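Letter by letter, the chains look like this.
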Amino acid sequence: MNKKVQESGSEQFEDEQLGAETGKTLQRVVIAQSTVPEEHIEDPFMGNPAESFPALGQGEAGDAPEDLDDHDSISSEESTLVEFSPMDGMAVGDIEAVPNYNSSLAEARLETEAPFDESKVLDAWYAEFGDPAVGAMILKQRQQPASESVLEVVIGKDDRVKINNTTAYPWRTICSLRITAADNTSWIGTGWLVGPRTVITAGHCVYMHSHGGWAKKIEVIPGRNGSTMPYGSCTATHFRSVKGWTNKKNITHDYGAIILPSNCRYGDRVGYFGYANLSFFSLLGLKVNLAGYPGDKPTGTIWFDARQITLVLARRLVYNIDTAGGQSGSPVWRLKDGKRHVVGIHTNGASTGNSATRITKPVFDNIKKWKAMGS
Amino acid sequence: MNYDKSRSAIKGRVLRNGRPVVDASVSIADGPSHPDIAALTGANGEYAFNDLEPGDYAVQAYIEGDRPAVKRCSVPAGQTAILDFS
C-alpha cells in the first residue's frame, strides 16, 4: 500500500470552506494514511466590482519517489528554476447556494453511491499508478478491435445547473478560456483568478504535448455568460507550469498558470479565490464545489455541481461531480465560514470518477509564486 | 503514472448537411481518464484527441443551438478511431 502519503499531512491555506463523511470504500485508504495535520491557507479577495477598470489589453504516485524537480516552475518564455517555500480540523464544507440547484439532492446522492464492490476496489492500483484511469484500465484488461457505434448513449443523470448571475462572487472570478495551441488548433478550458493578474488552470490548458507544447495564446473571459462578457476579455501569451508536466507529462503535475498582461488586472476588480493545502483528513469526504465552462452546453455558459470527495490520493482528488470537456482547470473549492478556498484543479474526466490535481505543498507554493508574478 | 504508454487517438469531422462545421465543440463524455478539455473544430470541421488511454469512449459534439450528439467507440492501444458527426 502507498507509504508515500506523508507529504499530504502538511496543509496550507491562502484565503476561503470543509465537509467530511467517511464511506465504506474510503476506510481502506484511511488505514494507509498516517498524517500529521498541518494546513496552509491563503484567503480570497472578493474584489471591487464598482471600481473602474483600466483598458483591456490584448494580448501521488504510489511508492515511487518523487523528483522534487518535477514541481520546478517553468514558463512559456524561458526555463526557470523556482525555489519552494509553505490548519486543521474535520472535513466540513458547504455547498454553494445556487438558484435551481438542489443541494439536498447532492446530499442524497452521497447516500446513494454505488454499493461497495470488493472487485472494484482500486486503491492499491491508485496507490501504485496514481491515476484511477489506470486502475480501471487494468481491471478491464480488454483488447477490443477499433470500432465505431452510431448509437447514441445515455451518459447518466446530469446534475449541473447553469449559473445565471455570473457577475456575483465567486462566479465572476471563474474564467472561460479559448485556447489557441501551437499547432493552431482551438480548445475550450476554464481557469480561476488567484490574484490580480494570475489565472490558475490545468497544465494541459497551457502546455499541450500533442499540439506543439506551450499554447500560442489564450483568451481569458472572467464571468462570461454566453455572448455577454461583463469584464471584457484579455489575450495572454505568458504561461507557467512545472517540469513534471511539461517534461514528464505526469498527471499528478497537471497544473499551470496564465499571467495576464499588465493592463489586465482582473483580480483587482472581480476578486479572486483563496487556496489551501489541506490534510488528508480534512479532504476525505469533504463537500466541494466545482464550476466551469463546459463544451456540451451553450457556448460560454458556466455550470455548477457539488459533491463529496470520494478518494484522496497523495496528489490527486477523485469525485463524482458532473463535468464535461471544457471544464479542465475549474476550481474545486471548499466553502467554509463564508470563505472559499480552492483545494483542487479539475483536470480529468473518467467513468471511474472525475479528478483534480490536489493542492499539495509544492502546488501551493507554486501558486503563491505565480500569484506574486501577477501582482 | 504518466501518459507515455501505448497511446490511442480519436479523430473525425463535424458536418451539417454535408458541410464542415467550424467551432463545434467536441469533448469526451465518458471513458477512461482523459483531460477534460473540449476541442473546437477547425476550418474543415476536424478535431482530434491524441494521447488517450486505450478503451471505450463516448464522444459528444455540440453545435450551438442543437442537442449534443453522442457516439461511442472502442480504441485499442496504439490505434486511432475515426468518429464523424454528420
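Residues numbered from 1 in each chain as written. Chains lettered and ligands numbered in written order. Predicted model: local features only at pLDDT ≥ 70, side-chain atom pairs only at ≥ 80, totals over all residues. Heavy atoms only, no water.

The subject of this paragraph is the pairing of strand 8 (residues 55-62) of chain B. Residue and element names in this part refer to chain B. Burial analysis of strand 8 places 8 of its 8 residues in the buried class, the great majority of the element. Direction of pairing for strand 4 (residues 25-30) relative to strand 8: antiparallel, over a ladder of 5 bridges. Residue pairing for strand 8: V26 is matched across the bridge by A61. As defined by bridge partners, strand 8 adjoins strand 9 (residues 69-75) across 7 bridges and the pair is classed as antiparallel. Its bridge partner lying in strand 9, V59 is registered against K71. (Buried < 20%, exposed > 50% of the residue type's maximum accessible area, 1.4 Å probe, protein only. Helix = DSSP H or I, 4+ residues; strand = E, 2+ residues; numbered from the N terminus. Pairing = 2+ DSSP bridges.)

Residue and element names in this part refer to chain A. Along the chain, S176 falls in strand 6 (residues 174-180). Look past the residues within four positions of S176 in its chain and what remains in contact with it is G189, E219, V220, I221, R224 and Y293. In this structure the side chain of S176 is engaged in a polar contact, spanning 3.3 Å, whose partner is the side chain of R224. (Contact = heavy atoms within 4.5 Å. Polar contact = N/O pair within 3.5 Å; in protein donor to acceptor, adjacent residues only side chain to side chain.)

Residues and elements named next belong to chain B. Looking at chain B as a whole, its pLDDT mean stands at 91, while 94% of the residues score no less than 70. Model confidence for chain B, summarised as mean pLDDT per element, is weakest for strand 2 (residues 15-16) at 94 and strongest for strand 6 (residues 38-40) at 98. Across the predicted assembly, pTM comes out at 0.79 and ipTM at 0.92. (pLDDT = per-residue confidence, 0-100.)

What follows is about the nonpolar core. Formed by 76 residues in total, the largest nonpolar core has its most connected members in I258, L260 and F304 of chain A together with I10 and Y47 of chain B. Beyond its immediate chain neighbours, meaning those up to four positions away, I10 of chain B contacts Y47, A48, F49, L52, Y57, V59, C73, V75, A81 and L83 of chain B. One finds A276, V288, L290 and A356 of chain A within the second-largest nonpolar core, a separate group that totals 16 residues. (Core = buried A, V, L, I, M, F, W, Y, C linked by side-chain atoms within 4.5 Å.)

Residue and element names in this part refer to chain B. On the basis of which strands lie adjacent, the open sheet formed by 3 strands has the order 7-1-10 and mixed pairing. Because the sheet does not close on itself, it has two edges, and the strands there are strand 7 (46-52) and strand 10 (80-82). With direction set aside, neighbouring strand axes in the sheet form an average angle of 15°. (Axes fitted to C-alpha atoms, helices over the stretch in contact; angles between N-to-C directions.)

Turning our eyes to something else, we now look at the state of the cysteines. Residue and element names in this part refer to chain A. Under the criterion given, the structure shown has 1 disulfide over all chains. The disulfide partner of C234 is C264, and the gap between their sulfur atoms is 1.3 Å. Its S-S torsion of about 75° marks the bond between C234 and C264 as right-handed, since a negative value means left-handed. With C234 in strand 12 (residues 234-236) and C264 in the loop between strand 14 (256-259) and helix 7 (266-270), this residue pair connects regions lying 30 residues apart in the sequence. Assigned by exposure class, C234 and C264 land together as buried. Here C205 is not disulfide-linked; the sulfur of C175 is the nearest cysteine sulfur, at 12 Å. Looking at C205, the relative accessible area reads 0%, which means it is buried. (Disulfide = S-S within 2.5 Å.)

Take the confidence of the model for chain A next. Residue and element names in this part refer to chain A. Averaged over chain A, the pLDDT score is 76; the fraction of residues at 70 or greater is 66%. Low pLDDT, under 50, characterises residues 15-36; the predicted model gives this stretch 104 contacts beyond four residues in sequence or across chains. This model gives residues 111-154 a pLDDT under 50, and the stretch forms 84 contacts once residues within four places in sequence are excluded.

Attention shifts here to the pattern of salt bridges. Where charged atoms from two side chains of opposite charge approach closely, those side chains can pair. Residue and element names in this part refer to chain A. Tallied over the entire structure, the rule returns 13 salt bridges over all chains. Linking K371 and E42 is a salt bridge whose minimum nitrogen-to-oxygen distance equals 2.7 Å. The residue R265 makes a salt bridge to D268 at a minimum N-O spacing of 2.6 Å. Here R265 falls in the partly exposed class, since its relative accessible area comes to 27%. Classification of D268 by relative accessible area gives partly exposed; the value is 24%. Overlapping salt bridges bring together D158, R160, D296 and K297 as one network. (Salt bridge = Lys/Arg side-chain N within 4 Å of Asp/Glu carboxyl O.)

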